[in-house]
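# Overview (structure and organization)
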Amino acid sequence: HTACAILCGGQGSRLGGVDKGALPRDTSTFLSHLTRIGFTLTSQVMWVRPQANSPSHQSLKSLSDLDRSQSQSVRHVSDLIDVKGVLGAIGAVLQAASRPWVWILACDMPLLQTYHLLGLIARARVADEQTRCVVYLDTHTQKIQPLCALWRSDQTSHLVETLSAGGGLSAYARTYGEVILSTSSQHDDTLLSSQSTSQSISPFFNVNLPEDLARVPSLLIQQNQTKI
């Protein structure tokens, strides 16, 4: 009963114009990694980008490691016209989805794994009809994670109208959704440790700035291939 939308982002201006989806992750890319997660959750996967953008060749290069039928079945969706930023992306995929719940996943979360999301599925199954989204409160950072969450597809108009009048996704999720604590996993103990410090990294960590890449474990990011 779910679809999945990977938010592929804009021009990556804070990364010097680099396509986030094309950033290397192990032998893959950020976009390919999140796409594979999407297909573990559902057979309906979408990529959403601004109207003028299309996935770069670099970000698509490693999709050959997906099943051929899967890579061909990814649906391309453009942001809503005249709706700025991430709201235009989320509104577009909720409108395009044919299933009641939509996974919204940002493509710049290289540490995310399917098992991090299972708590959201369980809670969405018992959510009442007034619950517009189910999101995590990240126990590492104490921040709401609306870009790693389940959203109801029939709430597009309410979402766009409410946020266009002001406010942010996190505040919307607190008001109209259900917020649950993320759970840590022993799988994360070695995977999510920083090279320079013993401080752990949240599995919902997202890459916005060049210095963010330095915090991602080298076993995931081939830094010598990344030119920023």
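Residues numbered from 1 in each chain as written. Predicted model: local features only at pLDDT ≥ 70, side-chain atom pairs only at ≥ 80, totals over all residues. Heavy atoms only, no water.

## Structural notes on the side chain of Thr131
Using the following cut-off: A run of DSSP states H or I qualifies as a helix once it reaches four residues; a run of E qualifies as a strand once it reaches two. Both are numbered from the N-terminal end. The cut-offs for exposure are 20% and 50% of the maximum accessible area for each residue type, with area from a 1.4 Å probe on protein chains only; residues under the lower value are buried, those over the upper are exposed, and the others partly exposed. We call two residues in contact when some of their heavy atoms are within 4.5 Å.
Considering the arrangement of structural elements, one finds Thr131 in the loop between helix H5 (118-125) and strand S7 (133-137). Take Thr131: its relative accessible area is 8%, and that puts it in the buried class. Discounting chain neighbours no more than four positions away, the residues touching Thr131 are Trp101, Arg152, Tyr176, Gly177 and Glu178.

## Things to note about helix H7 (residues 169-176)
To be explicit about the condition: In this description, one arc is meant: the one made by directions from the helix axis to the C-beta atoms.
Looking only at H7, the buried set comprises Leu169, Tyr172 and Ala173. Relative to the axis of H7, the buried residues are bounded by an arc of 100° and lie together on one face. Facing away from the buried side of H7, by more than 90 degrees, are the exposed residues Arg174 and Thr175. In this structure, the buried side of H7 is in contact with helix H4 (85-96), S7, strand S8 (144-152), helix H6 (156-164) and strand S9 (178-181).

## Regarding the pairing of S8
As a reminder of what qualifies: Note on pairing: two strands pair once DSSP finds at least 2 bridges between them.
For S8, the tally of buried residues reaches eight of nine residues, placing the bulk of the element in the interior. Across five bridges, strand S6 (residues 101-106) lies against S8 in antiparallel orientation. For Val102, the partnering residue across the bridge sits in S8 and is Trp151. Two strands pair when backbone bridges link them, and S7 and S8 are joined in this way by four bridges, in the antiparallel orientation. Following the sheet pairing, Leu137 is matched in S8 by Ile144. Connecting S7 to the antiparallel partner S8 that follows it, the hairpin turn spans six residues, and Gln142 within it adopts a positive phi of roughly 65°.

## Looking at the confidence of the model for the protein
In regions of low pLDDT, the predicted coordinates are not meant to be interpreted in detail. Basically, it comes down to this: Every residue carries a pLDDT, the predictor's confidence in it, which falls somewhere between 0 and 100.
The share of residues in the protein with pLDDT of 70 or more is 74%, and the mean pLDDT across the chain is 80. Looking at the elements of the protein, mean pLDDT is at its lowest for helix H8 (residues 188-191), recorded as 44, and at its highest for S7, recorded as 96. Low pLDDT, under 50, characterises residues 189-198; the predicted model gives this stretch 16 contacts beyond four residues in sequence or across chains. Long-range and interchain partners of residues 222-228, a stretch whose pLDDT sits below 50, account for 18 contacts in this model, where long-range means more than four residues apart.

## Points about the environment of Thr29
Take Thr29: it is sitting in strand S3 (residues 28-29). Note on Thr29: relative accessible area 0%, which makes it buried. C-alpha of Thr29 to C-alpha of Cys107: the two residues are 78 residues apart in sequence and 9.6 Å apart in space.

## Some details on the sheet that holds S9
Paired through backbone hydrogen bonds, the strands of a sheet run either parallel or antiparallel to each other. Test applied: Every axis corresponds to a line fitted to the C-alpha atoms, with the helix fit spanning only the stretch in contact, and the corresponding angles, defined between N-to-C directions, vary from 0 to 180 degrees.
Pairing within the open sheet is mixed, and its seven strands lie in the order S5-S4-S1-S6-S8-S7-S9. At either margin of the open sheet sits one strand with a lone partner, and together these are strand S5 (75-78) and S9. When the angles between neighbouring strand axes are averaged without regard to direction, this sheet yields 25°. With six bridges joining them, strand S1 (residues 2-7) and S6 adopt parallel strand pairing. Note on S6: the bridge partner recorded for Ala3 is Val102. Across the sheet, H7 is in contact with S7, S8 and S9; its angle to S8 comes to roughly 55°.

## Considering the packing of H6 against H7
Test applied: What sets the label is the angle itself: under 35 degrees gives roughly parallel, over 145 gives roughly antiparallel, 65 to 115 gives roughly perpendicular, and the rest give oblique. Left-handed describes a crossing in which the near helix is turned anticlockwise from the far one by less than a right angle; the clockwise case is right-handed. Gly counts as polar in this scheme, as do all residues outside two lists: the nonpolar Ala, Val, Leu, Ile, Met, Phe, Trp, Tyr, Cys and Pro, and the charged Asp, Glu, Lys and Arg.
Contact geometry of H6 with H7 gives a least axis separation of 11 Å together with a crossing angle of 125°. Here H6 lies oblique to H7, going by the angle between them. The interaxial crossing formed by H6 with H7 has right-handed handedness. Every residue of H7 that contacts H6 at His158, Leu159, Thr162 and Leu163 is listed here: Leu169, Tyr172 and Tyr176. Classifying every residue of the contact of H6 with H7 gives five nonpolar, two polar and no charged.

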